[in-house]
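Okay, here's what each chain looks like letter by letter:
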Amino acid sequence: MTTEVYKVGPSVLATYIMKQWCRRNWWIMALPPAICLVLAAAVDIKFLLIALMMVFVVLPPMMITVYFYHALAPEARMTVLSHRAEMTADGLRLIYEPLAEDVPPRPDDIIAWSRVKAIKVTSQFIAYHLDTGKYCILLIPHSAFKTPEEYGTWTALQSQYFHNH
């Protein structure tokens, strides 16, 4: 079974990865400013300024680091370049489209089912979490399918193949 040609914008992939990172590491962002707010109330109001500096000066570079490390990884090409996804019993095959008329397409990527750690179906995407890193993710939007029936067939087949490997 094959999807239509699709690509997901880099900002969409970065947003998805950032949400995943924030869910796992919320305490890194919340705990230090919260401690400073408690200290501002109990000890000295100057800790309020430290909390504000953490929120506006320290946290944004952390988020930029997450973006550069994960959303710009070489594996991001599997989501952001124009391609079709084909599902087989062995895994997913990504068939890339040429970037321009005079540029040949990239060689196909083949993702074995054994490399897929988890599959998450959201309201917009099917997200395949791969084993090469916590945030190595292949997104397939629902718009990559012609009909809701194709989408339903895809999700049923992926469940069958994923659980068999």
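Visitor: Lay out the packing of helix 2 (residues 26-42) against helix 3 (residues 46-71) in plain terms, naming residues and giving numbers.
Guide: Where helix 2 contacts helix 3, the axes come no closer than 8 Å and their chain directions differ by 170°. Overall, the two elements helix 2 and helix 3 adopt an arrangement that is roughly antiparallel. Each of Ile28, Met29, Pro32, Pro33, Cys36, Leu37, Leu39 and Ala40 in helix 2 lies in contact with helix 3, whose residues at this interface are Phe47, Leu48, Ile50, Ala51, Met54, Val55, Leu59, Met62 and Met63. Of the residues that constitute the contact of helix 2 with helix 3, the class distribution is 17 nonpolar, no polar and no charged.

Visitor: Hey, could you go over the sheet that holds strand 6 (residues 137-141) for me, with residue numbers and the actual values?
Guide: Pairing in this open sheet of three strands is antiparallel, and the strands run 4-5-6 from one edge to the other. Each edge of the sheet is formed by a strand with only one pairing partner; in this case those strands are strand 4 (116-121) and strand 6. Sheet twist, expressed as the mean angle between neighbouring strand axes with direction ignored, is 15°. By the bridge criterion, five bridges tie strand 5 (residues 125-130) to strand 6 in an arrangement that is antiparallel. Counted as the bridge partner of Phe125 is Pro141 from strand 6. Packed on one face of the sheet, helix 1 (residues 10-24) meets strand 4, strand 5 and strand 6 and runs near 125° to strand 6.

Rules used throughout
Residues numbered from 1 in each chain as written. Predicted model: local features only at pLDDT ≥ 70, side-chain atom pairs only at ≥ 80, totals over all residues. Heavy atoms only, no water. Axes fitted to C-alpha atoms, helices over the stretch in contact; angles between N-to-C directions. Helix = DSSP H or I, 4+ residues; strand = E, 2+ residues; numbered from the N terminus. Parallel < 35°, antiparallel > 145°, perpendicular 65-115°, else oblique. Contact = heavy atoms within 4.5 Å. Nonpolar A, V, L, I, M, F, W, Y, C, P; charged D, E, K, R; others polar. Pairing = 2+ DSSP bridges.

Keep in mind that these numbers describe shape and distance, not what the molecule does.
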